[in-house]
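Residue-level listing of the chains:
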Amino acid sequence: EKVELTFWRAGTDTLETEYWERVIEEFESKNPNISVALTSIPWGNDIETKLNAAYISNTAPDVISYSIASVAARASMGHYASLDKYVANWEGKDNMVEKVLNAGVYDGQVYGLGFIPDPRIFVWRKDYFREAGLDPEKPPTTWEELRDYAIKLTVKEGGATTRAGFHFKSEVNNGDAAQDWQSFALQNGSGIIDTDNHVALFADDAGIEAAEFLADLAMQGVTFMGKQDQDPFTAGKSAMTYANPGTVRALINDQPELKDEIGYGLPVQKLQNATFAGLRLMFMGSKTKQSDAAWKFIEHTLSEEETWKRYEQMEVPVVLNSLKDRYIQDNPIINGAIYEGVEVGQGYPRVPYSFTYMEIISRALQQAYYGDKPAREAFLEAKAEFERQLPD
């Protein structure tokens, strides 16, 4: 019997579109009774609106590639199907990095399987280090060193920052500011949130101290404030930042001469090694009538063979333990730092209100960065705001 799967993926970039076209072609050749129709949808409001409308109109896709932030929200609304019955007998389960496998769990059930990790890795421009009289092979390893380096690396003209010493986001939309803050809060031991009891922990002393540290840097002008037309590191306007591997890959592809001028390192440490990490997962739509075929496609995407092909085609970090050594050996310095980010990274909290939660934190950070309020006051008010909104 012929089966046609509808597959929606978040994102419209050419590289990944070409990747999926190859995957689908190979999958269909191995499964001639199954065809896969791909739809690429822009991130943000576009895919959220389209998914909501699809479930209302009973036209929801069979398979979805979307972010970790959607796990709890859409699983709680009944939009994602539990994969428990398939994962229980799946040989690949024990081969997945444990943190990646657990990222798709909500309320005790597996709803998604991670396949494209997006950890924030610490990167720096070696040429800018040399220009500032710093050793390009010795990046900062502590908060204190990061502050000193950031000040030395910042370039100002007429009092205005023209090159950031260390760029971090300050935008509220999509919780962008909270993403960068989360790396520092986790490094400092903040609990961020108790997802079981829905208690905000971001305003603990560790979280506030992280906000105060970043606010101090912002007030000294070592970063660009507000939304930027182009990522400052990619544009050559930032000496250091936390970046996702895709951003750095695109920069080197565009400017090959910078390949040896970009350093990759572990997250700056405080109490523990940690960083923010996004994750793309494969989900099965709860309305699908082709669940076995949908699982076959998901299983194909997570296979060892396809995981390595994905790395070769898009330089995506691997999520399988069996490929760890091969991945790191292929590019020890870069891939070693990226894989460490996958293992210690933590993404959006797995709660139905994760976007709102991160935006509340981002608004508090923005107040602190612009000097409108001390970080402690802004964070305590943000916690109170969260508690007011929680019942809804």
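Residues numbered from 1 in each chain as written. Predicted model: local features only at pLDDT ≥ 70, side-chain atom pairs only at ≥ 80, totals over all residues. Heavy atoms only, no water.

**Concerning the packing of helix α1 (residues 14–30) against helix α12 (residues 304–314)**
Relative to each other, α1 and α12 sit at 150 degrees, their axes nearing to 11 Å. On the basis of their axis angle, the class for α1 and α12 is roughly antiparallel. Seen from above, α1 lies across α12 with right-handed handedness. Contact with α1, carried on its side by Leu-15, Glu-16, Glu-18, Tyr-19, Arg-22, Val-23, Glu-26 and Lys-30, involves Glu-305, Glu-306, Lys-309, Arg-310, Gln-313 and Met-314 of α12 and no other residues of that element. Looking at side-chain class alone, the contact of α1 with α12 contains 4 nonpolar, 1 polar and 9 charged residues. (Axes fitted to C-alpha atoms, helices over the stretch in contact; angles between N-to-C directions. Helix = DSSP H or I, 4+ residues; strand = E, 2+ residues; numbered from the N terminus. Parallel < 35°, antiparallel > 145°, perpendicular 65-115°, else oblique. Left-handed = near helix turned anticlockwise from the far one by under 90°. Contact = heavy atoms within 4.5 Å. Nonpolar A, V, L, I, M, F, W, Y, C, P; charged D, E, K, R; others polar.)

**Some details on the pattern of salt bridges**
Scanning all chains against the criterion turns up 22 salt bridges. Of the charged contacts in the structure, one is a salt bridge between Arg-9 and Asp-13, with a shortest N-O distance of 3.3 Å. Judged by its relative accessible area of 36%, Asp-13 is partly exposed. Residue Glu-209 is joined to Lys-270 by a salt bridge in which the shortest nitrogen-to-oxygen separation is 3.8 Å. Pair noted here: Glu-209 is in helix α9 (residues 205–219) and Lys-270 is in the loop between β13 (262–265) and β14 (275–284), with a separation of 61 residues, a long-range link. Residue classification places Lys-270 among the partly exposed positions, given a relative accessible area of 32%. Three or more residues joined by partner-sharing salt bridges are found here, namely Arg-22, Glu-26, Lys-30, Glu-305, Glu-306 and Lys-309. (Salt bridge = Lys/Arg side-chain N within 4 Å of Asp/Glu carboxyl O. Buried < 20%, exposed > 50% of the residue type's maximum accessible area, 1.4 Å probe, protein only.)

**Let's talk about unusual backbone geometry**
Even without being glycine, Asp-107 reaches a positive phi, approximately 55 degrees. With respect to the element layout, Asp-107 can be found in the loop between β4 (105–106) and β5 (109–110).

**Some words on the sheet that holds β13**
The strands making up a sheet are joined through hydrogen bonds of the backbone, oriented either antiparallel or parallel. Spatial strand order, β12-β7-β13: 3 strands in an open sheet with antiparallel pairing. Where the open sheet ends on each side, the last strands, each with one partner, are β12 (240–243) and β13. Here the average twist between neighbouring strands, direction ignored, is 30 degrees. Examined bridge by bridge, strand β7 (residues 121–125) and β12 share 4 bridges and lie antiparallel to one another. Following the sheet pairing, Ile-121 is matched in β12 by Ala-243. This element, helix α10 (residues 245–254), spans β7, β12 and β13 of the sheet and lies at about 160 degrees to β13. (Pairing = 2+ DSSP bridges.)

**Considering the environment of Val-110**
Along the chain, the position of Val-110 falls in strand β5. Judged by relative accessible area, Val-110 falls into the buried class, the value being 11%. As for Val-110 and Met-358, which are separated by 248 residues in sequence, their C-alpha atoms are 23 Å apart.

**Re the packing of aromatic side chains**
Applying the stated rule across the entire model yields 34 aromatic pairs. Look at Trp-90 and Trp-295: their rings are 5.8 Å apart centre to centre, the planes differ by 90 degrees, and that puts the pair in the edge-to-face class. One end of the pair, Trp-90, is in the loop between α4 (84–87) and α5 (98–103); the other, Trp-295, is in helix α11 (residues 291–301), with 205 residues separating them in the sequence. The two residues Trp-90 and Trp-295 agree in class, both being buried. Clustering of aromatic rings is evident, with ring pairs tying together Phe-122, Trp-124, Phe-129, Trp-143, Tyr-149, Phe-166, Phe-168, Phe-184, Phe-213, Tyr-242 and Tyr-369. Over the aromatic face of Tyr-128 sits the side chain of Arg-163, whose NZ or CZ is 3.8 Å from the ring centroid. (Phe/Tyr/Trp six-rings, centres within 6.5 Å; stacked < 30°, edge-to-face > 60°. Lys NZ or Arg CZ within 6 Å of the ring centre and 35° of its normal.)

**Quick word on the pairing of strand β1 (residues 3–10)**
Burial within β1 is extensive, with 6 of its 8 residues counted as buried. Handedness of the β-α-β unit built from β1, α1 and strand β2 (residues 34–41) comes out right-handed. Of the pairings in the sheet, the one linking β1 to strand β3 (residues 63–67) comprises 3 bridges and is parallel in character. The residue bridging Arg-9 from the neighbouring strand is Ser-65, located in β3. (Right-handed = clockwise from strand over helix to strand, strands pointing away.)

Function cannot be inferred from these measures alone, as they are strictly geometric.
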